[in-house]
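A structural walkthrough
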2 protein chains.
Amino acid sequence: MSDQVAENTEAPEEDEAQNYQLEPRTVASILYAVEIDDRARLIELMEPLHAADIADLLEQISVFERSRLIRLYDKEFDGEILSELDESIREEVIEVLTPQVLSQAVRELDSDDVVDLIEDLEDDQQEAILGALEEADRAAVEQALSWPEYSAGRLMQREVVMAPEHWSVGEAIDHLRGTPEQDLPDQFYHIVMVDPRGHPVGNVTLGKLMRSKRATKLRDLLEETFQIIPAMQDEGDVAYAFNQYHLISAPVVDDEGRLIGIITIDDAMAVLDEEHEEDILRLAGVGESSLSDRVIETTKQRLPWLAVNLVTAIAASMVISQFEVAIAQIVALAVLMPIVASMGGNAGTQSLTVAVRAIATKDLTGSNVWRVIRRECLVGLINGVIFAVVMGIVGIIWFGSPALGYVIAVAMVINMVVAGLAGTGIPILLERVGVDPALASGAFVTTVTDVVGFFAFLGLAAAVLL
Amino acid sequence: MSDQVAENTEAPEEDEAQNYQLEPRTVASILYAVEIDDRARLIELMEPLHAADIADLLEQISVFERSRLIRLYDKEFDGEILSELDESIREEVIEVLTPQVLSQAVRELDSDDVVDLIEDLEDDQQEAILGALEEADRAAVEQALSWPEYSAGRLMQREVVMAPEHWSVGEAIDHLRGTPEQDLPDQFYHIVMVDPRGHPVGNVTLGKLMRSKRATKLRDLLEETFQIIPAMQDEGDVAYAFNQYHLISAPVVDDEGRLIGIITIDDAMAVLDEEHEEDILRLAGVGESSLSDRVIETTKQRLPWLAVNLVTAIAASMVISQFEVAIAQIVALAVLMPIVASMGGNAGTQSLTVAVRAIATKDLTGSNVWRVIRRECLVGLINGVIFAVVMGIVGIIWFGSPALGYVIAVAMVINMVVAGLAGTGIPILLERVGVDPALASGAFVTTVTDVVGFFAFLGLAAAVLL
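Residues numbered from 1 in each chain as written. Chains lettered and ligands numbered in written order. Predicted model: local features only at pLDDT ≥ 70, side-chain atom pairs only at ≥ 80, totals over all residues. Heavy atoms only, no water.

1. Let's talk about the overall build of chain A
Along chain A, the regular secondary structure elements total 23 helices and six strands. Whereas a compact globule of 466 residues would reach a radius of gyration of roughly 23 Å, chain A reaches 29 Å, over 25% beyond that. Taken along the three principal axes of its C-alpha coordinates, chain A extends 90 × 65 × 50 Å. Buried positions account for 57% of the 466 residues belonging to chain A. (Helix = DSSP H or I, 4+ residues; strand = E, 2+ residues; numbered from the N terminus. Rg over C-alpha atoms; globule rule 2.2 N^0.38 Å. Buried < 20%, exposed > 50% of the residue type's maximum accessible area, 1.4 Å probe, protein only.)

2. Details of the relation of the copies chain A and chain B
Once turned by 180 degrees and shifted 0.0 Å along the axis, chain A lies on chain B with an RMSD of 0.1 Å. Taken together, the rotation angle and the small translation identify this as a two-fold axis. Comparing interface residues between copies, 100% of those in chain A also lie at the interface in chain B; the contact surface is shared. (Least-squares fit on C-alpha atoms with pLDDT ≥ 70 in both. Contact = heavy atoms within 4.5 Å.)

3. As for the UniProt feature "transmembrane region" (unreviewed entry) in chain A
As recorded in UniProt, the feature "transmembrane region" (unreviewed entry) lies at residues 303-320, 326-347, 377-400, 406-430 and 442-465 of chain A. With 91% helix and 0% strand, the stretch residues 326-347 of chain A has end C-alpha atoms that lie 27 Å from each other. (UniProt positions renumbered as here; feature names shortened; annotations may be inferred.)

4. Quick notes on the interface of chain A and chain B
The partner chain B presents 145 residues to the 145 residues of chain A that form the contact. Taken together, both faces of the contact between chain A and chain B bury some 12,700 Å²; the carbon and sulfur share is 64%. Its largest share of buried area at the contact with chain B, chain A owes to Y20(A), M210(A) and R211(A), together 7% of the area lost on that side. Put simply, chain A and chain B have seven salt bridges between them. At the junction of chain A and chain B, the tally comes to 43 residue pairs in polar contact (both at pLDDT 80 or more). Looking at side-chain class alone, the side of chain A that touches chain B contains 77 nonpolar, 41 polar and 27 charged residues. (Buried area = accessible area lost by both parts, 1.4 Å probe. Salt bridge = Lys/Arg side-chain N within 4 Å of Asp/Glu carboxyl O. Polar contact = N/O pair within 3.5 Å; in protein donor to acceptor, adjacent residues only side chain to side chain. Nonpolar A, V, L, I, M, F, W, Y, C, P; charged D, E, K, R; others polar.)

5. Observations concerning a negative patch on the surface
A cluster of like negative charges, contributed by E80(A), E108(A), D110(A), D186(A) and E224(B), occupies part of the molecular surface. Considering the arrangement of structural elements, one finds D110(A) in the loop between α9 (99-107) and α10 (111-118). (Patch = residues over 30% accessible without salt bridge, like charges linked within 9 Å, V, L, I, M, F, W, Y side chains within 5 Å. Areas by Shrake-Rupley, 256 points an atom, 1.4 Å probe, with all protein chains shown as cover. Lys, Arg positive; Asp, Glu negative; His and termini not counted. Charge placed at Lys NZ, Arg CZ, Asp CG, Glu CD.)

6. Examining the packing of helix α5 (residues 51-60) of chain A against helix α16 (residues 235-245) of chain B
Close contact between α5(A) and α16(B) brings their axes to 8 Å; oriented N to C, the two are set at 95 degrees. Here α5(A) is positioned roughly perpendicular relative to α16(B), judged by the angle of their axes. The segment α5(A) lies against α16(B), with A52(A), D53(A) and D56(A) engaging Y240(B), Q244(B) and Y245(B). A breakdown of the residues in the contact of α5(A) with α16(B) according to their chemical character gives three nonpolar, one polar and two charged. (Axes fitted to C-alpha atoms, helices over the stretch in contact; angles between N-to-C directions. Parallel < 35°, antiparallel > 145°, perpendicular 65-115°, else oblique.)

7. With respect to the domain arrangement of chain A
Taken as a whole, chain A is organised into domain 1 (24-145), domain 2 (162-284) and domain 3 (295-465). With centres defined by C-alpha atoms, the gap from domain 1 of chain A to domain 2 of chain A works out at 30 Å. (Domains from an automatic or database assignment.)

8. Brief notes about the packing of aromatic side chains
Scanning the entire structure with this criterion turns up nine aromatic pairs over all chains. Taken together through their ring pairs, the aromatic side chains of Y20(A), Y240(B) and Y245(B) make up a single cluster. If you follow K362(A) out to its NZ or CZ, it ends over the ring of Y240(A), 5.1 Å from the centre. (Phe/Tyr/Trp six-rings, centres within 6.5 Å; stacked < 30°, edge-to-face > 60°. Lys NZ or Arg CZ within 6 Å of the ring centre and 35° of its normal.)

9. Section: a positive patch on the surface
On the surface, a cluster of positive charge is contributed by R177(A), K213(A), R177(B) and K213(B). By the element assignment, K213(A) lies in the loop between α15 (206-211) and β4 (229-230). Judged by relative accessible area, K213(A) falls into the exposed class, the value being 66%.

10. Quick word on helix α14 (residues 169-178) of chain B
Taken together, the buried positions of α14(B) are V169(B), G170(B), A172(B), I173(B) and L176(B). In an axial view of α14(B), the angular spread of the buried residues amounts to 165 degrees, which keeps them on one side of the axis. (Arc of directions from axis to C-beta.)

11. Let's talk about the pattern of salt bridges
All names here are of chain A. Scanning the entire structure with this criterion turns up 47 salt bridges over all chains. A salt bridge links E23 to R25; its shortest N-O distance comes to 2.9 Å. With relative accessibility at 17%, the residue E23 sits in the buried group. Members of the salt-bridge network, linked through shared partners, are R66, E92 and R294.

12. Looking at the nonpolar core
When a protein is soluble and globular, its nonpolar side chains tend to lie buried together. In this structure, F457(A), I327(B) and F457(B) are the most contacted members of the largest nonpolar core, which totals 77 residues. With sequence-adjacent residues up to four places away left out, I327(B) is seen in contact with I327(A), V331(A), A334(A), I320(B), L333(B), A334(B), M337(B) and L458(B). Core analysis: the next-biggest nonpolar cluster, separate from the first, contains 50 residues, V238(A), A241(A), V271(A) and V252(B) among them. (Core = buried A, V, L, I, M, F, W, Y, C linked by side-chain atoms within 4.5 Å.)

13. Concerning the UniProt feature "domain: CBS" (unreviewed entry) in chain A
All names here are of chain A. In this numbering, the UniProt entry assigns the feature "domain: CBS" (unreviewed entry) to residues 156-221 and 222-278. Helix makes up 24% of residues 156-221 and strand 21%, and the two end C-alpha atoms of the span are 25 Å apart. End-to-end, the C-alpha atoms of residues 222-278 are 37 Å apart, and along that stretch the chain is 44% helix and 23% strand.

14. Describing a nonpolar patch on the surface
Residue and element names in this part refer to chain A. Residues L378, L381, V385, V389, I393 and I397 make up a contiguous nonpolar surface patch of about 530 Å² in total accessible area. Note on placement: V385 falls in helix α21 (residues 369-399). The class for V385 is partly exposed, based on a relative accessible area of 41%.

15. What to know about the side chain of S168(A)
Residues and elements named next belong to chain A. Its place among the elements puts S168 in the loop between β1 (162-164) and α14 (169-178). Judged by its relative accessible area of 10%, S168 is buried. At 3.4 Å, the side chain of S168 forms a polar contact with the backbone oxygen of R214.

16. Considering the packing of helix α10 (residues 111-118) of chain B against helix α12 (residues 135-145) of chain B
Residues and elements named next belong to chain B. α12 packs onto α10 with a crossing angle of 55 degrees between their chain directions and a minimal axis gap of 9 Å. Taken as axis vectors, α10 and α12 run oblique relative to one another. Along this stretch, α10 crosses α12, giving a crossing that reads as right-handed. Here α10 contributes S111, V114, V115 and I118 to the contact with α12, which in turn contributes A140, V141, A144 and L145. Residue composition of the contact of α10 with α12, grouped by class: seven nonpolar, one polar and no charged. (Left-handed = near helix turned anticlockwise from the far one by under 90°.)

17. What about the sheet that holds strand β3 (residues 200-205) of chain B?
Residues and elements named next belong to chain B. The mixed open sheet is built from three strands, whose spatial order is β1-β2-β3. At either end of the open sheet lies a strand with only one pairing partner, and these are β1 (162-164) and β3. Neighbouring strand axes in the sheet, compared pairwise and without regard to direction, differ in orientation by 30 degrees on average. Relative to β3, strand β2 (residues 190-194) runs antiparallel, the two sharing five bridges. The residue of β3 that forms the bridge with H190 is T205. (Pairing = 2+ DSSP bridges.)

18. Points about the sheet that holds β4(A)
Residues and elements named next belong to chain A. One open sheet holds the three strands; their spatial order is β4-β5-β6, and the pairing between them is mixed. The sheet is open, and its two edges are formed by β4 and β6 (259-264), each paired on a single side. The sheet contact formed by strand β5 (residues 249-253) and β6 spans five bridges and is antiparallel. Residue V253 lies in a different strand from β6, and its bridge partner there is L259. In the packing of helix α16 (residues 235-245) onto the sheet, the strands contacted are β4, β5 and β6, and the crossing angle to β6 comes to about 65 degrees.

19. Observations concerning unusual backbone geometry
Of all residues except glycine, most have a negative phi; of all peptide bonds, most are trans. All names here are of chain B. In this structure, D74 takes a positive phi of about 45 degrees despite not being glycine. Counting through the fold element by element, D74 comes out in the loop between α6 (63-73) and α7 (79-84). D74 sits in the partly exposed class, given a relative accessible area of 23%. Residue H246 is not a glycine yet carries a positive backbone phi of 50 degrees. In this fold, H246 is placed in the loop between α16 and β5 (249-253).

Given below as structure tokens:
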């Protein structure tokens, strides 16, 4: 693929469309306009940019440039930009905005964007923003905030287009025409059919609605796939459902099963993106993190993970220290021991990552857990044997000692089988006890592979070579 | 969040809705029905399942159970299941299906699903499926396959609802009513407005269309955000655009800018999901991989990465072997050296992952690259100093040698600064030279941190302690 796609990027005018990255040139000229306090020029340069791109721009420049740009941009600063901004600099940006600009910016936003905007802010900033809203919007926002963070209730939008079961296409269309603009979601693709108790019973797409005779009953136009989301459901599961069942929008219900809102695929896609981001960072031992975080925050985020790693590394060293005598006599052991540990660590990380992903995508279940564990151990065994032979030979050639080659070979096999077992078993166990496997598995698995690797290699060496 | 969401999962009837995982009970009874060849029971149990869930089920059971289930399910097996199946077992499943069932299953699918289904199949299986299609569909599929894999052209669906600029709402609605079912996409949310040359100029949502007077001109109803996708654009960039600009559907154009198809958010979401999956697996040194791969395939996929790791591990060992004399005299060096390397490796992986993600989300650009590198080195320095103090003390207490504590402390600081530099710099360089940073960065970074770690620690020790 890449060749052809690459060819295509040669056409410069398509280049921007090709990668959507902010042109360094654009950024430079914007910063220059700020530098020389040329407001007209700044506005002219920012005008073509989408709010999401302006947010990215703000994230990429320095704190100093940021505040100067915002002050100069002043009244042009709109709410969209705020809601696109990364949390890490939102508070800072809001501090810089004048109260007038802030309140005006916030009034432009839909209630669900406001929720998304303020949920992570300090109380005083929350107050400031809530204060800026009209009564109705403020109520909607506060109502949304009453749902737990990361729940479907928090994610949903409250404006829903619904129709009773017995309605005809004509009645539905007339109803739509009759409803005032502000009571409708700005984007909607389905009409939700509800029974007399207010329980959602099906979806009708606007396309079908539009193409059908006025007399047709809605219930004859229902979509096949229809998924109801409980308001307390975790947003990660919501995103999973949208991706698994190819949903475009899904009704949200309260404990009594009554329709209280709707979630659309664009929100689900954003959640899916965040969840993936979180998994990747957690697997690498990085908490929430973003490029625009300050040095101190970043340092704080990474420190705990490094601390855990230090403890596990010291544990591994203690194993080594049990064999100081052997090492003192055969220094080659010290030279070779990291190889066994490192191969085990790598194999373990491979199994671990596959397992963590499979758990996240609900592909690793009670039905196949044993088959998967067996497979991972087998893979470890086969690769272990292959690399054992290689390392055995390396050991013999390098140090001219067949016994040494034999020892490292056996240790390698042992450690890689253990790696497969630990790499799969540990995330499964963590998930069973309710700990996010992406979060904690890494440290455990590498500890196991280090300890086993050093112990197997040095222990065998001590037994065989001394 | 979790508390409240957790509470909620206690309600058993909501439990399934809560996590969408296949109930082990269900799987068990399905396998039992297969066991006793009870076709009626099998069909009864499968009936409520969504095609995507049936696909998951097939992925989770053994090869043997799979073929027996499919043979028993026979004519009930529909095309949806095929297109939801993981590539790793698709060919196997297709082998098991009788030609009649296969061709009937395939005929039910939309052309874009067929494309998605056959693009990775062996030629003979591709032939079999293409042969089963009606002439029109077959042409559509072959035309789609003419676009490079992973391109927007491959991803788009060809059926588009379009209207000339000058049309009114009434004309558009009548046109929609007039168009025969099969010429319309089964799901559509926008009408694409095109100029006389066939270039897309804007989107009108069905909601707006439906609520407006028949006389209203379409051009007065255009959506604000409108993004045109070149057919040769990489599907990853397409997914990025949908997520960045909150698109619901976007027109695809050929080199002359003429409208040739449309991409909808559900396809973009699927791509986003795959891209993330790929990044996570690549970062862990696993190629494409899935739970349903056989042992041999899995072993093959992981071997190259382990081979690379072996080479880097040996390189690190060679550094160690330069200091055999020092180690022979002070065995404590062998005990402590893995700690320095491991801390560096961890810090490097943290920086690396953040950098790789930032490149993928286009947040790491020419405008902020130096600020990011500087930040990562600073973070490494601060954490390095903190852990240097800790390890220094540990070294002193453990081995009663202040000099040793001092050496390991300095080595720790050096290695963690280098980790920040390499962890950020290497992925950036790889990206500049056109290599996927997720793919190759890990091996390079850990090599650097291992080599530097061992060299700094042992070198300093040799210089100071001997």
